[in-house]
Amino acid sequence: MLLPAAAATAEAYGDPPEARLLPPERAAVAHSVEPRRREYTTVRHCARQALGRLGGPADWPLLAGAGGDPQWPQGVVGSMTHTAGFRAAAVARRSEVLGLGIDAEPHEALEPGVRETVTLPEERRMLADLAARHPGTAWDRVLFSAKESAYKAWYPLARRILEFGDARVEIDPRGGRFRARLLVPAPEVSGVRLQHLSGMWCADGGLVATAVAVVNPARERAAGGPAGRG
């Protein structure tokens, strides 16, 4: 499980025929090519399934806000992702989770030139070490996906762009965990400065998947856990 129990999820490995868009969503992709409409439709189908499991509205139009992030019902945070042959969504109540990010990628090395664009020198040294000690995993793709999930969790909290060089990712190769250390001024979340974003990763069945959940610090304090962690 990549997300805490407070999150509700749904996924699809194809485009089910029953997936439908609401009228405002259809208008948003009216001029898109067919593959784009299919993935847009299915990932929203997953999102509404996840919302239903959370007890949320099943007819909420999921449109993009000014920053491109989905606009969820009041009191709900969420994230969606899609790649070839896979779509998924995750949602949680804001009282439990303040920020949520998920990402899925093909389990293959990044394209030539992309790795240097999305990584820091320290990360490239880490990737070389991981490849030497744990071959068989596309570690650069894991790192890229981790940054994507971190951004999706960050943006609704900070309302600022998080560039690839604004966070340094450290990957635990055995525990399926990672940490994105913020290298830019961090937002204050419920009175706690958010210094890093922690998440989970897995590579299985031709896919790399990552997830970040920023648990409400008040919930962590009530449970006796560490406050201020993502």
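Look up: the structure comes first, before these words.
Note that the coordinates shown come from a computational prediction; the quantities given were computed from them, not determined experimentally.

Caption draft 1: Representation of the pattern of salt bridges in the model. Tallied over the full model, the rule gives 14 salt bridges. Residues Glu111 and Arg141 are paired through a salt bridge, measuring 3.8 Å at the closest nitrogen-oxygen approach. Here the residue Glu111 occupies a position in the loop between β4 (97-106) and α3 (114-118), and Arg141 occupies one in helix α5 (residues 139-158), the gap between them amounting to 30 residues. On the basis of relative accessible area, Glu111 is assigned to the partly exposed category, the value being 43%. Residue classification places Arg141 among the buried positions, given a relative accessible area of 4%. The closest approach of N and O atoms between Asp129 and Arg133, which form a salt bridge, is 2.8 Å. Placement of both Asp129 and Arg133 in helix α4 (residues 121-133) is noted, with a separation of four residues, approximately one turn of the helix. Through salt bridges with shared partners, a single ionic network connects Asp15, Glu34, Arg37, Arg38 and Arg87.

Caption draft 2: Seen up close, the sheet that holds strand β9 (residues 196-204). Taken together, five strands build an open sheet; the order of strands is β4-β10-β9-β6-β5 and the sheet is antiparallel. Each end of this open sheet is capped by a strand with a single partner; those strands are β4 and β5 (167-172). Taken over all neighbouring pairs, the strand axes of this sheet differ in orientation by 20° on average, direction set aside. Across six bridges, β9 lies against strand β10 (residues 207-215) in antiparallel orientation. Considered in β10, the bridge of Ala203 is made with Val208. Set on the sheet, α5 makes contact with β4, β5, β6 (177-182), β9 and β10; between it and β4 the angle comes to about 150°.

Caption draft 3: The pairing of strand β2 (residues 76-83), seen in detail. Counting buried positions over the eight residues of β2 gives seven, a clear majority of the element. Between β2 and strand β3 (residues 86-93), which pair antiparallel and follow one another directly, the connecting turn spans two residues, one of which, Gly85, has a positive phi of 80°.

Caption draft 4: Here's a closer look at the packing of aromatic side chains. Inspection of the entire model under this criterion finds four aromatic pairs. Just above the ring of Tyr40 sits the side chain of Arg44; from NZ or CZ to the centre is 3.5 Å.

Caption draft 5: Structural context of unusual backbone geometry. With phi around 55°, Arg159 is a residue other than glycine that occupies positive phi space. Tracing the backbone through its elements, the reader meets Arg159 in the loop between α5 and β5.

Caption draft 6: Up close: the sheet that holds strand β1 (residues 8-12). Reading across the sheet, the three strands line up as β1-β3-β2 and stay open at both edges, with antiparallel pairing between neighbours. With partners counted over all chains shown, the strands left at the sheet margins are β1 and β2, one partner each. Along the sheet, successive strands turn relative to each other by an average axial angle of 10°, direction set aside. Here β1 runs beside β3; their pairing, made up of five bridges, is antiparallel. The residue bridging Thr9 from the neighbouring strand is Ala90, located in β3.

Parameters and conventions
Residues numbered from 1 in each chain as written. Predicted model: local features only at pLDDT ≥ 70, side-chain atom pairs only at ≥ 80, totals over all residues. Heavy atoms only, no water. Salt bridge = Lys/Arg side-chain N within 4 Å of Asp/Glu carboxyl O. Helix = DSSP H or I, 4+ residues; strand = E, 2+ residues; numbered from the N terminus. Buried < 20%, exposed > 50% of the residue type's maximum accessible area, 1.4 Å probe, protein only. Pairing = 2+ DSSP bridges. Axes fitted to C-alpha atoms, helices over the stretch in contact; angles between N-to-C directions. Contact = heavy atoms within 4.5 Å. Phe/Tyr/Trp six-rings, centres within 6.5 Å; stacked < 30°, edge-to-face > 60°. Lys NZ or Arg CZ within 6 Å of the ring centre and 35° of its normal.

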